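Listed below, chain by chain, are the residues.
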2 protein chains.
Amino acid sequence: MDSNHINNLFLRSALTEENPFMSITDVLAWIEDRKKAVFVNIEKIKFADLKEWKLDQHKGNLHHNSGRFFSIEGIEVNTNAGEVKHWCQPIIKQPEIGLLGILTKEIDGILYFLLQAKIEPGNINFVQLAPTLQATESNFKQVHKGNKPEFLEYFINPDQDAVMLNQLQSEQGARFLKKRNRNIIVYTKDKIKERDDFIWLTLGQIKKLMAHDNLVNMDTRTVISGIPYGRYNSDQLALFETYNVKNNENTFSYDLLRSSLDYDSALHSYDEIIGWFTSLKTKYELEVKQKSLFDLKYWDIGEWEISNKNNKYFKIFVANINIENREVRSWQQPLIKPVDDGIIAFIIKKINGIMHLLVQAKLECGNYDVLEMAPSVQCITDSYDASEGLPFLNYVLNASPEQIKLDTLQSEEGGRFYQEQNRNMIIQANEDFPKEIPENYIWMTISQLNMFLKFNNYLNIQSRSLLAAVDFLQKFEFISGDL
Amino acid sequence: MDSNHINNLFLRSALTEENPFMSITDVLAWIEDRKKAVFVNIEKIKFADLKEWKLDQHKGNLHHNSGRFFSIEGIEVNTNAGEVKHWCQPIIKQPEIGLLGILTKEIDGILYFLLQAKIEPGNINFVQLAPTLQATESNFKQVHKGNKPEFLEYFINPDQDAVMLNQLQSEQGARFLKKRNRNIIVYTKDKIKERDDFIWLTLGQIKKLMAHDNLVNMDTRTVISGIPYGRYNSDQLALFETYNVKNNENTFSYDLLRSSLDYDSALHSYDEIIGWFTSLKTKYELEVKQKSLFDLKYWDIGEWEISNKNNKYFKIFVANINIENREVRSWQQPLIKPVDDGIIAFIIKKINGIMHLLVQAKLECGNYDVLEMAPSVQCITDSYDASEGLPFLNYVLNASPEQIKLDTLQSEEGGRFYQEQNRNMIIQANEDFPKEIPENYIWMTISQLNMFLKFNNYLNIQSRSLLAAVDFLQKFEFISGDL
């Protein structure tokens, strides 16, 4: 497919909340039904009771007997960035590239996305809206001898002309060691038979659902975040006219749309942003050495869990999982449980007439390339007190109701993380917002963030989660006129 | 500086061969003078006679006594790409980010670049045109207690408004383990006093000099390759009118210019190219394990050199170096000597009216991220016979004189490599060129390559070397008219 056509299909779907087959209310009811239709039991067990995994003193890690899936390893980190320059921690190692795929089809010119009600052991509410396919390499190769994942054939060797998006994107740099997933969207004209666990939604609906707590899972959010809408052009102009979009009194959503499409009015050029990032990558050093889980300073391995001596960050425990409605119904695995919730927030501000987001260059130990672009604020809640020095945290926490444009709780990936959620916020800065920002912050438009996102290893998963939630239909009024 | 202004300064300088201060002939004579003004002696010695370095059986490497500069390590490589899936080799490890900086100034609206006649032990002809500053972190910190490098102050903490380019770029992935350099161009209004070893040249002149063998060093070429010319716009239109550039009968240089500026007419969109690259990165695996230099299969460590048992690839020897006209006049260091010369070539072809280059996704063991974008052909000469299966090699070697648009010998970096040169070629494809290309090849315009280059870890040093040589003034005729 021609890329302009792809961009326009995406944009039109993002501007469409009306779905004749399933309304937002229907989706919410359907999810409740799915929850009732499954049985989930997570039984925390002792490391000594593991049969499928091994806490291995000799190898210094926690690994599956097959050597596949993932392992929990120890690392020692040295850096010259931030307050803490040296620490040890457990981290997830999973060298394979996972696959997060969404299938789409077109009905009456509108693109629909096939999402799945997926049960994951760590999910708050157990059931969340996942991509059509969410699979690790071990899944493809069916190591655990479950059923072949549904729709796998659409993503393994897709017809090039059907591929609408195909990117490598990072997972949490504080939890995964250089882990990346392939994010892919494939278009089909096949007749797909209805299935209990799958629904077709417009992009506008998915974004609306992201305003609900813990409903759209992280994997869906990361795939959605990469969607390109193209550069503002005559095709789009025609599209807007169809939708009668106009810059009216309620300008907020219009501002988001313009910031997503306008490639020419940003405060900084790409070369300037790359120069800024290059300077910081040159300045900040990151050295990560593997170390036995049993030798990590300030970490304890107990009978039941691996935990930090000061009860900070996260714990790792193992569990017997029983779930109906998955490829494998019963298995053991480690889960990572945060000690506290976190907060991620983009501060946004109109500069030179176009909406800009305040982006932070953030070093995390598992990053593929030292730094990634993170939200204006990204921290865990229990560090609130300690982090009075954290730039912009107080600004975000003290925002007035009119400034808060998004405020929801969103889950981390429930296949690894146990009931971990972050408060996702978009805060509009007032005129009094400081002109001077620290050296590792920069203002960028949404289209610029989208461009960096394309080129992979730039935007971290937290900033992608927030970008995915950007909703062009937020209190949007359609009035005919120009953009 | 505004980025449009920067782009236009670069473009205008690239279109300027007239330099009232120094003609191309003057430069050639000046380089000859510089050669006569220095004394260079490279004395190959036994490993046993090293005083400043140590071939260390215990650590399994060859390292400097201070632990700084670089070391030669052993690696074992496993991959599922290419013919050879498993091998061992020595590799250069240098974790610090080097700095390659060029200072520029403007005279009568034309940008001039300050280049240095630099003597490096491995250089063919000893003296080549280097960036204003070429320094490792060890240099800044003056580990070898030489003089402070000249012009260092311009590049360490430059005024942001003076930075015209600031990128991280890779070195040879077959020789360096994930080595990167910072490529930086800084603008100054200072009065720079004349120095014997430095000259001011236009970008057009530097490109002309790249048509000469082994004159412009690799570090200059990589910095030059990253220069942006901007998107075809009204400013540029005015600029072309000034220069009376026109699509005339001799269209080749015009085609290069258009391919560098036109962002809208490419065969594939960015999203398509990224999708292609993502698929290949997902498919190809690369595992690199450190291993003692003394345990590398098919490699011997002799009294005088480290070499491959089949006499392939390269040798490593150590030498006493004596050079006048450098920070340190006398030192010991390892040098890497290739067994044979190499060839790198871009095949170019007009597709949909715009010049495209045939780009290869190439896996090399030291790559930062598995694959980089390489020229259409990249190999070493002694593999010619063995590599009848190497795509497009025969096409390049059998090109007719009219097809050969560039054919020069260019040196690798003389600070590490001993008299290593590659034949650099640009070959224009005929109509009979195969429509079908292997899955790891794709056609891209120059502007697209330049965009990927910006985002770092995409273009390998060989493709950058060729891009740097793209000369808009090659047999260029100025006739008034539109682009």
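As a reminder, the structure under discussion sits directly above these lines.
Residues numbered from 1 in each chain as written. Chains lettered and ligands numbered in written order. Predicted model: local features only at pLDDT ≥ 70, side-chain atom pairs only at ≥ 80, totals over all residues. Heavy atoms only, no water.

Caption draft 1: Structural context of the packing of aromatic side chains. Counted according to the given criterion, the structure contains 43 aromatic pairs over all chains. Aromatic side chains Phe-151 of chain A and Phe-198 of chain A sit 5.1 Å apart centroid to centroid with 70 degrees between the ring planes, which places their arrangement in the edge-to-face category. Here Phe-151 of chain A is found in the loop between helix H3 (137-140) and helix H4 (152-156), whereas its partner Phe-198 of chain A is found in strand E12 (residues 198-201), with 47 residues between them in sequence. Three or more aromatic residues link up through ring pairs in this structure, and these residues are Tyr-270, Trp-276, Phe-277, Phe-452, Phe-455 and Tyr-458 of chain A together with Tyr-270, Trp-276, Phe-277, Phe-452, Phe-455 and Tyr-458 of chain B. Taking NZ or CZ as reference, Lys-207 of chain A lies 5.9 Å from the ring centre of Phe-472 of chain A, over its face. (Phe/Tyr/Trp six-rings, centres within 6.5 Å; stacked < 30°, edge-to-face > 60°. Helix = DSSP H or I, 4+ residues; strand = E, 2+ residues; numbered from the N terminus. Lys NZ or Arg CZ within 6 Å of the ring centre and 35° of its normal.)

Caption draft 2: Focus on the interface of chain A and chain B. If you look at the interface, chain A gives 33 residues, while chain B gives 34 residues. For the pair chain A and chain B, the summed buried area comes to about 2,900 Å², and 50% of that belongs to carbon and sulfur atoms. Connecting chain A to chain B are four salt bridges. The salt bridge partner of Arg-180 of chain A is Asp-369 of chain B, with a shortest N-O separation of 2.6 Å. Between chain A and chain B we count 16 residue pairs in polar contact (both at pLDDT 80 or more) in total. Elements represented by at least two residues in the side of chain A that touches chain B include exactly strand E10 (163-170), strand E11 (180-187), helix H9 (270-283) and helix H11 (446-454) of chain A. The greatest single-element share of the side of chain A that touches chain B, amounting to nine residues, is contributed by H9 of chain A. Across the side of chain A that touches chain B, the residue classes break down as 12 nonpolar, 10 polar and 11 charged. (Contact = heavy atoms within 4.5 Å. Buried area = accessible area lost by both parts, 1.4 Å probe. Salt bridge = Lys/Arg side-chain N within 4 Å of Asp/Glu carboxyl O. Polar contact = N/O pair within 3.5 Å; in protein donor to acceptor, adjacent residues only side chain to side chain. Nonpolar A, V, L, I, M, F, W, Y, C, P; charged D, E, K, R; others polar.)

Caption draft 3: Region of interest: H9 of chain A. Residues and elements named next belong to chain A. For H9, with 14 residues, the first-to-last C-alpha span of 20 Å sits near the 20 Å given by 1.5 Å per residue. Of all 14 residues in H9, 10 are buried, a share of seventy percent or more. For H9, the complete set of buried residues consists of Tyr-270, Ile-273, Ile-274, Gly-275, Trp-276, Phe-277, Thr-278, Ser-279, Leu-280 and Lys-281. (Expected span 1.5 Å × (residues − 1). Buried < 20%, exposed > 50% of the residue type's maximum accessible area, 1.4 Å probe, protein only.)

Caption draft 4: Layout of helix H12 (residues 461-468) of chain B. When you tally the buried positions in H12 of chain B, you get eight out of eight residues, the bulk of the element. Within the sequence span of H12 of chain B, burial applies to Ile-461, Gln-462, Ser-463, Arg-464, Ser-465, Leu-466, Leu-467 and Ala-468 of chain B.

Caption draft 5: A look at the relation of the copies chain A and chain B. Least-squares fitting of chain A to chain B yields an RMSD of 0.0 Å, with the transformation described by 0.0 Å of translation along the axis and a rotation of 180 degrees. Given the turn and translation reported, the copies of this chain are related as if by a two-fold rotation axis. Residues of chain A ranked by C-alpha distance from the rotation axis are headed by Phe-455 of chain A, positioned 3.5 Å from it. Of the interface residues in chain A, 100% have counterparts in chain B that sit at the interface too, so the contact is made through matching surfaces. (Least-squares fit on C-alpha atoms with pLDDT ≥ 70 in both.)

Caption draft 6: Structural detail: the pattern of salt bridges. Residues and elements named next belong to chain A. The full count for this structure, using the stated rule, is 37 salt bridges over all chains. Residues Lys-46 and Glu-303 are paired through a salt bridge, measuring 3.1 Å at the closest nitrogen-oxygen approach. Highlighted residues: Lys-46 in the loop between strand E1 (40-45) and strand E2 (53-56) and Glu-303 in the loop between strand E14 (299-301) and strand E15 (305-308), separated in sequence by 257 residues. What makes Lys-46 partly exposed here is its relative accessible area of 27%. Judged by relative accessible area, which is 52%, Glu-303 ranks as exposed.

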